[in-house]
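Architecture at a glance
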Amino acid sequence: MQLTPKLNLKKPDLTDSINVQDLNDNMDVLDTAVSELQEGSASIPDLETNDKTLAGAINEIKQTVNDVGTNAKEYTDQQTAAIDTKLDTHIKDDSGHVRFIGNASGGNGMACRTDLAPVDLVNGKLVPKRGYAFRFFKVDGPNTGPATLAIVSDTLPGNPSSATYQIVNSKGQTLKGGEMVKGGIYTLVFNGTSFQLQGEGGGYSASDLIKAQDLVNRPYIVTNEINPIDTNNLSNTATFFNSEIATVNGVEYAFAWANAYSLGQKFYCWEVLTGRLVWTKGAPSGYAYGTRIIVYNDKLYVGVYGHDETTTQNSYGLEVLNPVNGSRISLVFGTVPSSYADRAADICLWDNGATKEVLLLATNYSNGYSWIARFNPTSGAFLGVSANLGGNHTDIIPHRMQTVGDYIFLASSKCMYQHKGASFSYIGKVPFTYEYQMLGLAANNAGGISVIHVYGIVYVYSTSLAQLSTFSVNGPEPSGLSIKGDLMSCATKSGVHMYRLAADAKSASFIETIAASCDVSNVATVANVGFSENAVIPPINASRTIASVLSKTLKLQR
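All of the points below concern the structure found in this document. (Residues numbered from 1 in each chain as written. Predicted model: local features only at pLDDT ≥ 70, side-chain atom pairs only at ≥ 80, totals over all residues. Heavy atoms only, no water.)

A few words on the nonpolar core. Counting 20 residues, the largest nonpolar core has Phe134, Phe136, Leu149, Ile167, Met180, Leu188 and Phe195 as its most contacted members. Contributing elements (two or more residues each) for this core: strand E3 (99-105), strand E4 (109-113), strand E7 (133-138), strand E8 (147-152), strand E9 (165-168), strand E10 (185-190) and strand E11 (195-197). What phenylalanine 195 contacts, discounting residues up to four positions off in sequence, is Pro128, Phe134, Leu149, Ile151, Tyr165, Gln166, Ile167, Val168, Leu188, Val189 and Phe190. (Core = buried A, V, L, I, M, F, W, Y, C linked by side-chain atoms within 4.5 Å. Buried < 20%, exposed > 50% of the residue type's maximum accessible area, 1.4 Å probe, protein only. Helix = DSSP H or I, 4+ residues; strand = E, 2+ residues; numbered from the N terminus. Contact = heavy atoms within 4.5 Å.)

Our next topic: the pairing of strand E15 (residues 251-260). With eight of its 10 residues buried, E15 lies for the most part within the structure. A loop of two residues connects strand E14 (residues 238-248) with E15, the two strands running antiparallel in sequence, and asparagine 249 in this loop sits at a positive phi of about 55°. Where E15 meets strand E16 (residues 264-271), eight bridges bridge the pair, whose relative direction is antiparallel. Bridge pairing in E16 links alanine 256 to tyrosine 268. (Pairing = 2+ DSSP bridges.)

By the definition in use, this model includes 21 aromatic pairs. Relative to phenylalanine 255, the ring of tyrosine 253 lies with its centre 6.2 Å away and its plane at 35°, an arrangement referred to as tilted. With respect to burial, tyrosine 253 and phenylalanine 255 carry one shared label: buried. On the numbers, 5.3 Å between centres and 55° between planes, the contact of phenylalanine 432 with tyrosine 459 is tilted. Here the residue phenylalanine 432 occupies a position in the loop between strand E29 (425-431) and strand E30 (438-443), and tyrosine 459 occupies one in strand E32 (residues 457-461), the gap between them amounting to 27 residues. Look at phenylalanine 432 and you get buried, because its relative accessible area is 10%. Three or more aromatic residues joined by ring pairs form one cluster here, namely Tyr253, Phe255, Trp257, Phe267, Trp279 and Tyr289. A cation sits over an aromatic face here: lysine 484 above phenylalanine 531, 5.3 Å from the ring centre. (Phe/Tyr/Trp six-rings, centres within 6.5 Å; stacked < 30°, edge-to-face > 60°. Lys NZ or Arg CZ within 6 Å of the ring centre and 35° of its normal.)

A word on the pattern of salt bridges. Using the criterion set out here, one finds 14 salt bridges in the structure. Two residues, aspartate 346 and arginine 292, come together in a salt bridge whose shortest N-O distance is 2.7 Å. A residue pair is termed long-range when its members are at least 10 positions apart, and aspartate 346 in strand E22 (residues 343-352) and arginine 292 in strand E18 (residues 287-296) qualify at 54 residues. A residue is classified by how much of its surface remains accessible, and arginine 292, at 9% relative accessible area, is buried. Several salt bridges share partner residues, and in doing so they unite Lys281, Glu319 and Arg328 into one network. (Salt bridge = Lys/Arg side-chain N within 4 Å of Asp/Glu carboxyl O.)

Right, let's talk about the sheet that holds strand E20 (residues 315-321) for a bit. One open sheet holds the four strands; their spatial order is E18-E19-E20-E21, and the pairing between them is antiparallel. Each edge of the open sheet carries a strand with a single partner, namely E18 and strand E21 (328-335). When strand polarity is set aside, the average angle formed by the axes of neighbouring strands in this sheet is 20°. Of the strand pairs in this sheet, E20 and E21 are connected by seven bridges, and their pairing is antiparallel. Within E21, the position partnered with leucine 318 by the bridge is valine 332. (Axes fitted to C-alpha atoms, helices over the stretch in contact; angles between N-to-C directions.)

A few words now on the environment of serine 161. Structurally, serine 161 can be placed in the loop between E8 and E9. In sequence terms serine 161 and alanine 111 are 50 residues apart; their C-alpha atoms lie 9.4 Å from each other. Beyond its immediate sequence surroundings of up to four residues, serine 161 is in contact with Lys125, Leu126, Ile151 and Val152.

Turning to unusual backbone geometry, a few remarks are in order. Backbone torsion omega between glycine 141 and proline 142 reads -5°, so that peptide bond is classified as cis. Within the secondary structure, proline 142 sits in the loop between E7 and E8. Cis peptide bonds are those with omega within 30 degrees of zero, and the linkage from glycine 475 to proline 476 qualifies with 0°. Looking at the secondary structure, you find proline 476 in the loop between strand E33 (467-472) and strand E34 (479-484). Although it is not a glycine, leucine 465 sits at a positive phi angle of roughly 70°. Topologically, leucine 465 is positioned in the loop between E32 and E33. The buried category is assigned to leucine 465, whose relative accessible area is 17%. Its identity is not glycine, yet aspartate 519 carries a phi of approximately 60°, on the positive side. Checked against the element boundaries, aspartate 519 lands in the loop between strand E37 (508-515) and strand E38 (530-531). Looking at aspartate 519, the relative accessible area reads 37%, which means it is partly exposed.

Take a look at the structure:
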């Protein structure tokens, strides 16, 4: 007799006699097991539920599933409600997105009839919300200057409107014209006082100023065209040793005249911020330019002298020009009392008491003569000329001139002479040891006079010719000493050097060098360097190019 492994049912062997009682016992065991299964009360130890009965396990699993569904629904409902709230808030919040409000009509003065603009109704007026953006379609256009916008309600009773607000660019500047065109879609934001144009319209526009340093990795950039003097003859060169930068009617101009090898003399004027060539002209017929350039009271002065031996070699003169268009205002001549003048060497402004005059230094190098002529800018006439001063100028005839108060300082390549008053009385001199050592002079910001030495040393003198100090600058062989306010400049072979003078002018701090092929020397000196706080014209010795105008600032053209 054997038993089954699970329910212990009796299994007779083949040799056993069948016992009815064994069969009945087996039936009872089966009936009990099946009943437990039907009722779910049977315990199953391998189940991973807490209740090991089949029914209990099934109910336990069912409850777990129901709990998961309930929790999932609650979480989903919560998240859906939160999303609905945020979406509803975003839809209603104009500060979080840009709404299209419709069409705006008008060229410069625009109006938009709409109820979609982000505005509040306050005391019967529409008031735009600060910081809120909106887009509109420009029906008419373009704007030709400053532009405005007003918003008008389309459906509210009485069609209330907003005030008319100025439209400005992203820098808060009034529009200049061309920022908005017909058919364009533009975005505005209200800043509390005006509508600010966003995107492309808020960037640079015509006539905006841009710093060169923002475009290139250097403080200056050439603004004018650098064209050869004569494209038909590659051997032709020009020398630009006389230049000036001056502001006339709020516009900064660059002026320079050149001695060209075979083309004669040419005078040029450029607009500094754009490099545009404003005008060009030649020297007066029968005369040659010979001096630095002065711009005073919206007039340009340059000294001329006669170079035709058969007619006017003993004369000197001033050509007075309109600096804006180059037209001649006058051409005024004078003559020396003895011998003849073969050169107009230099000019400068002079305070003769309360009267501002232009002085002209005329010379005759062959005979060692020199004269000073006085010109009245108000009357436009020469007031007279000195006697020959050459007897005082024994250390080479002077070719440079500067004034401090009623003192007149004349400089040769070896010595500085001092005269005073309308009679040009001789006071004294400051000699250097050798010729070609004194390369320039300029009135300084402390009311004295400064001269520059061939070895790159600036000597500072009082008006009584007492030496106050010396200091070094870039060299060798610097010339063209120029001072405007506390800004000082000079030129060497390799470029123009800028300095800031101390209040007493006894020292200077280096600012920068503007590299340029000036090729100046102690025998090829310049009277001055044309410069300002913003721009500079490096002198050029025997080059095939037009002088360069370098500016720290550019003006956008379109």
